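# Per-entry structural report
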Amino acid sequence: QVQLVEFGGGLVQAGGSLRLSCVASGSIFGIGAMGWYRQAPGKQRELVARITSGGSTTYADSVKGRFTSSRDNAKNTVFLQMNSLTPEDTAVYYCNADITKHGSSAALNYWGQGTQVTVSS
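Residues numbered from 1 in each chain as written. Predicted model: local features only at pLDDT ≥ 70, side-chain atom pairs only at ≥ 80, totals over all residues. Heavy atoms only, no water.

## Topic: the sheet that holds strand β7 (residues 67-72)
A sheet is described by the order of its strands in space; here four strands give the open sequence β1-β3-β8-β7, paired in antiparallel fashion. Each of the sheet's edge strands pairs with one partner strand only, and the pair in question is β1 (2-7) and β7. Between one strand axis and the next, the sheet turns by 15 degrees as a mean value, whatever way the strands run. Inspection of the sheet shows β1 paired to strand β3 (residues 18-26) by six bridges, in the antiparallel sense. Along β3, the bridge assignment pairs Glu6 with Cys22. (Pairing = 2+ DSSP bridges. Helix = DSSP H or I, 4+ residues; strand = E, 2+ residues; numbered from the N terminus. Axes fitted to C-alpha atoms, helices over the stretch in contact; angles between N-to-C directions.)

This is the structure:
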(Lines give C-alpha, C1' and ligand atoms only; values in the text may rest on other atoms or scores of the structure.)
Protein backbone atom coordinates (compact mmCIF):
# COMPACT_ATOMS: atom_id res chain seq x y z
CA GLN A 1 0.00 0.00 0.00
CA VAL A 2 1.25 3.47 -0.87
CA GLN A 3 0.10 6.63 0.84
CA LEU A 4 0.70 10.36 0.37
CA VAL A 5 0.07 12.58 3.38
CA GLU A 6 0.20 16.36 3.27
CA PHE A 7 1.11 18.64 6.17
CA GLY A 8 1.28 22.37 6.73
CA GLY A 9 -1.98 23.87 5.57
CA GLY A 10 -3.80 26.48 7.57
CA LEU A 11 -5.01 30.04 7.79
CA VAL A 12 -2.70 32.92 6.94
CA GLN A 13 -3.08 36.61 6.21
CA ALA A 14 -2.47 38.03 2.77
CA GLY A 15 1.22 38.59 2.23
CA GLY A 16 2.15 35.76 4.55
CA SER A 17 3.83 32.44 3.93
CA LEU A 18 3.14 28.76 4.41
CA ARG A 19 5.22 25.67 3.80
CA LEU A 20 3.50 22.47 2.75
CA SER A 21 5.09 19.08 2.89
CA CYS A 22 4.00 15.73 1.56
CA VAL A 23 5.42 12.40 2.63
CA ALA A 24 5.09 9.23 0.58
CA SER A 25 5.10 5.97 2.52
CA GLY A 26 4.54 2.30 1.92
CA SER A 27 6.11 -0.33 -0.27
CA ILE A 28 7.94 2.13 -2.51
CA PHE A 29 10.60 1.12 -5.00
CA GLY A 30 10.96 4.50 -6.65
CA ILE A 31 9.32 7.89 -7.06
CA GLY A 32 9.31 9.85 -10.28
CA ALA A 33 7.78 13.27 -10.63
CA MET A 34 5.99 14.78 -7.64
CA GLY A 35 3.66 17.71 -7.75
CA TRP A 36 1.19 20.00 -6.09
CA TYR A 37 -2.27 20.75 -7.37
CA ARG A 38 -5.00 22.91 -5.90
CA GLN A 39 -8.73 23.17 -6.16
CA ALA A 40 -10.70 26.22 -5.12
CA PRO A 41 -14.47 26.05 -4.53
CA GLY A 42 -16.34 25.90 -7.82
CA LYS A 43 -13.15 25.56 -9.84
CA GLN A 44 -11.29 22.73 -11.50
CA ARG A 45 -8.20 21.23 -9.94
CA GLU A 46 -5.11 22.91 -11.39
CA LEU A 47 -1.40 22.24 -11.41
CA VAL A 48 0.58 24.48 -9.08
CA ALA A 49 4.07 23.02 -9.27
CA ARG A 50 5.77 19.86 -10.43
CA ILE A 51 9.26 18.60 -9.70
CA THR A 52 11.06 15.72 -11.36
CA SER A 53 13.19 13.18 -9.54
CA GLY A 54 16.21 15.15 -10.73
CA GLY A 55 14.89 18.40 -9.27
CA SER A 56 13.65 20.18 -12.39
CA THR A 57 10.59 22.27 -11.62
CA THR A 58 7.65 23.76 -13.48
CA TYR A 59 5.16 26.22 -12.04
CA ALA A 60 1.80 27.66 -12.90
CA ASP A 61 2.12 31.22 -14.16
CA SER A 62 0.01 32.43 -11.25
CA VAL A 63 2.57 31.28 -8.67
CA LYS A 64 5.87 31.87 -10.44
CA GLY A 65 8.21 33.94 -8.31
CA ARG A 66 6.14 33.30 -5.17
CA PHE A 67 6.08 29.51 -4.75
CA THR A 68 9.05 27.16 -4.69
CA SER A 69 8.92 23.38 -4.78
CA SER A 70 11.71 21.13 -3.58
CA ARG A 71 12.11 17.51 -2.57
CA ASP A 72 14.11 15.26 -0.32
CA ASN A 73 14.44 11.99 -2.21
CA ALA A 74 15.95 10.19 0.78
CA LYS A 75 12.82 10.96 2.80
CA ASN A 76 10.29 10.55 -0.03
CA THR A 77 9.13 14.07 0.70
CA VAL A 78 8.14 17.01 -1.46
CA PHE A 79 7.77 20.58 -0.24
CA LEU A 80 5.96 23.68 -1.41
CA GLN A 81 7.13 26.98 0.00
CA MET A 82 4.44 29.59 -0.57
CA ASN A 83 5.28 33.27 -0.14
CA SER A 84 3.36 36.48 -0.76
CA LEU A 85 0.08 34.63 -0.47
CA THR A 86 -3.11 36.25 -1.71
CA PRO A 87 -6.77 35.34 -1.16
CA GLU A 88 -6.74 33.90 -4.69
CA ASP A 89 -4.40 31.18 -3.41
CA THR A 90 -7.14 29.86 -1.11
CA ALA A 91 -7.81 26.25 -2.05
CA VAL A 92 -7.35 22.65 -1.05
CA TYR A 93 -3.82 21.68 -2.00
CA TYR A 94 -3.17 18.11 -3.13
CA CYS A 95 0.09 16.23 -3.39
CA ASN A 96 0.59 13.99 -6.43
CA ALA A 97 3.33 11.52 -7.29
CA ASP A 98 4.29 8.84 -9.78
CA ILE A 99 5.33 5.87 -7.66
CA THR A 100 6.62 2.44 -8.52
CA LYS A 101 5.87 -0.14 -5.86
CA HIS A 102 8.20 -2.98 -4.96
CA GLY A 103 7.54 -5.88 -7.29
CA SER A 104 5.89 -3.71 -9.90
CA SER A 105 7.27 -2.78 -13.30
CA ALA A 106 5.26 0.38 -13.85
CA ALA A 107 4.64 3.59 -11.96
CA LEU A 108 1.15 4.51 -10.85
CA ASN A 109 -0.12 7.97 -10.05
CA TYR A 110 -1.14 8.66 -6.47
CA TRP A 111 -2.93 11.52 -4.71
CA GLY A 112 -2.88 12.76 -1.16
CA GLN A 113 -6.04 13.59 0.74
CA GLY A 114 -5.50 17.34 0.47
CA THR A 115 -4.79 20.12 2.93
CA GLN A 116 -6.74 23.37 3.19
CA VAL A 117 -4.96 26.66 2.67
CA THR A 118 -6.97 29.77 3.46
CA VAL A 119 -5.61 33.26 2.87
CA SER A 120 -7.52 36.10 4.50
CA SER A 121 -7.52 39.63 3.13
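## Examining the packing of aromatic side chains
Scanning the model with the defined rule gives two aromatic pairs in all. Between the aromatic rings of Tyr94 and Trp111, the centroid separation amounts to 6.4 Å while the plane-to-plane angle is 85 degrees, which identifies the pairing as edge-to-face. Placement of Tyr94 in strand β9 (residues 91-101) and of Trp111 in strand β10 (residues 108-111) is noted, with a sequence separation of 17 residues between them. In this structure Tyr94 comes out as buried when scored by relative accessible area, which is 14%. Judged by relative accessible area, which is 38%, Trp111 ranks as partly exposed. A cation over a ring is seen here: Arg45 above Tyr94, with NZ or CZ 3.7 Å from the ring centre. A cation over an aromatic ring shows up here: Arg45 above the ring of Trp111, its NZ or CZ 4.6 Å from the ring centre. (Phe/Tyr/Trp six-rings, centres within 6.5 Å; stacked < 30°, edge-to-face > 60°. Buried < 20%, exposed > 50% of the residue type's maximum accessible area, 1.4 Å probe, protein only. Lys NZ or Arg CZ within 6 Å of the ring centre and 35° of its normal.)

Geometric descriptors of this kind do not, in isolation, establish any biological role.
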